[in-house]
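Chain by chain, the residues:
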Amino acid sequence: DAKTGQQKWSAPIRLYARSSPAVVNSVVYFGDWIGTLYALDEQTGQQKWTFSTNGPIIPSPTVVDGVVYIGSKFPCVFAIDAATGQQKWCFQYGNSWVESSAAVVNGVVYVGSSDLRKVNAIDAASGTLKWDFTTKGDPWSSPAVSNGVVYIGATGGYLYALDATAGTELWK
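Residues numbered from 1 in each chain as written. Predicted model: local features only at pLDDT ≥ 70, side-chain atom pairs only at ≥ 80, totals over all residues. Heavy atoms only, no water.

Caption draft 1: Representation of the environment of Phe133 in the model. Here Phe133 is to be found in strand S12 (residues 129-134). Separated by 16 residues in the primary sequence, Phe133 and Arg117 place their C-alpha atoms 8.3 Å from one another. If sequence neighbours within four positions are ignored, Phe133 has contacts with Arg117, Lys118, Val119, Tyr160, Leu162, Gly167 and Glu169. (Helix = DSSP H or I, 4+ residues; strand = E, 2+ residues; numbered from the N terminus. Contact = heavy atoms within 4.5 Å.)

Caption draft 2: Focus on the side chain of Thr36. Within the secondary structure, Thr36 is located in strand S3 (residues 36-41). Classification of Thr36 by relative accessible area gives buried; the value is 5%. For Thr36, the side chain forms a polar contact with the side chain of Arg14, separated by 3.2 Å. In contact with Thr36, other than residues within four places in its own chain, are Arg14, Phe30, Gly31, Thr50, Phe51 and Ile57. (Buried < 20%, exposed > 50% of the residue type's maximum accessible area, 1.4 Å probe, protein only. Polar contact = N/O pair within 3.5 Å; in protein donor to acceptor, adjacent residues only side chain to side chain.)

Caption draft 3: Up close: the state of the cysteines. Taken as a whole and judged by the stated rule, the model has one disulfide. Between the sulfur atoms of Cys76 and its disulfide mate Cys90 the distance is 1.5 Å. What sets the handedness of the Cys76 and Cys90 disulfide is the S-S torsion sign, and at about 110 degrees it is right-handed. In this pair, Cys76 sits in strand S7 (residues 76-81) while Cys90 sits in strand S8 (residues 87-92), placing the two residues 14 residues apart along the sequence. Take Cys76: its relative accessible area is 0%, and that puts it in the buried class. (Disulfide = S-S within 2.5 Å.)

Caption draft 4: Representation of the nonpolar core. Ranked by size, the top nonpolar core spans 15 residues in total, and within it Tyr29, Leu37, Trp49, Val68 and Ile80 carry the most contacts. Looking at this core, the elements with two or more residues in it are strand S2 (27-31), S3, strand S4 (47-52), strand S6 (67-71) and S7. Ranked by the residues each element gives to this core, the list is headed by S7, at three residues. Each residue touching Tyr29, except ones within four places of it in the same chain, is listed here: Ser20, Pro21, Ala22, Val24, Tyr38, Ala39, Trp49, Pro61, Val63, Val68 and Ala82. The next biggest cluster of nonpolar side chains, apart from the first, holds 14 residues, and it includes Tyr69, Ala79, Tyr93 and Val104. (Core = buried A, V, L, I, M, F, W, Y, C linked by side-chain atoms within 4.5 Å.)

Caption draft 5: A look at the packing of aromatic side chains. Taken as a whole, this structure holds 12 aromatic pairs when the rule is applied. Ring centres of Tyr16 and Trp33 lie 5.7 Å apart, and the angle between their planes is 15 degrees; on these two criteria the pair is classed as stacked. With Tyr16 in the segment before strand S1 (22-24) and Trp33 in the loop between S2 and S3, this residue pair connects regions lying 17 residues apart in the sequence. Judged by its relative accessible area of 22%, Trp33 falls in the partly exposed class. (Phe/Tyr/Trp six-rings, centres within 6.5 Å; stacked < 30°, edge-to-face > 60°.)

In structure tokens form, the structure reads like this:
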């Protein structure tokens with residue numbers, strides 16, 4: 001309780017959580033190291049649903065228009081129905097981790113991967129690739145999108161500015 005500092009509830013999880021939670025419409029969404037995505041009632045902590053990604057979840061969930069977007073070591077970016085926990089689509093990353101939290105702007109999911117050193121733009125409705133861009137380092141950071149530009153950091157000391165529509169490098 002924010003006023004008293006007293007614990008309101010706790011919820012058991014299978015293993016530790018590295019991702020920060022997202023709270024949307026009184027539901028708390030977060031992932032754990034086992035690969036479980038949780039949806040809990042904000043007031044009671046009661047579990048609404050869980051979804052298994054089959055790989056550790058490091059990024060934080062992004063919830064937009066009733067869909068939860070989450071990556072994992074599976075390796076996949078998943079779109080999950082926020083109300084039911086049912087998978088809408090999975091965008092495969094080969095053998096690369098998805099450590100970056102997604103940014104979703106104008107119906108496009110922007111996310112970075114690990115080993116493949118890719119920044120991808122994925123259609124939010126269908127899960128199909130719109131474009132990808134190869135970085136010189138691992139794009140572990142989470143992208144920010146503003147005024148048609150995707151900004152994302154990568155290992156090796158790089159910050160990229162990419163055209164959000166075409167995926168071309170504006171500067172680094």
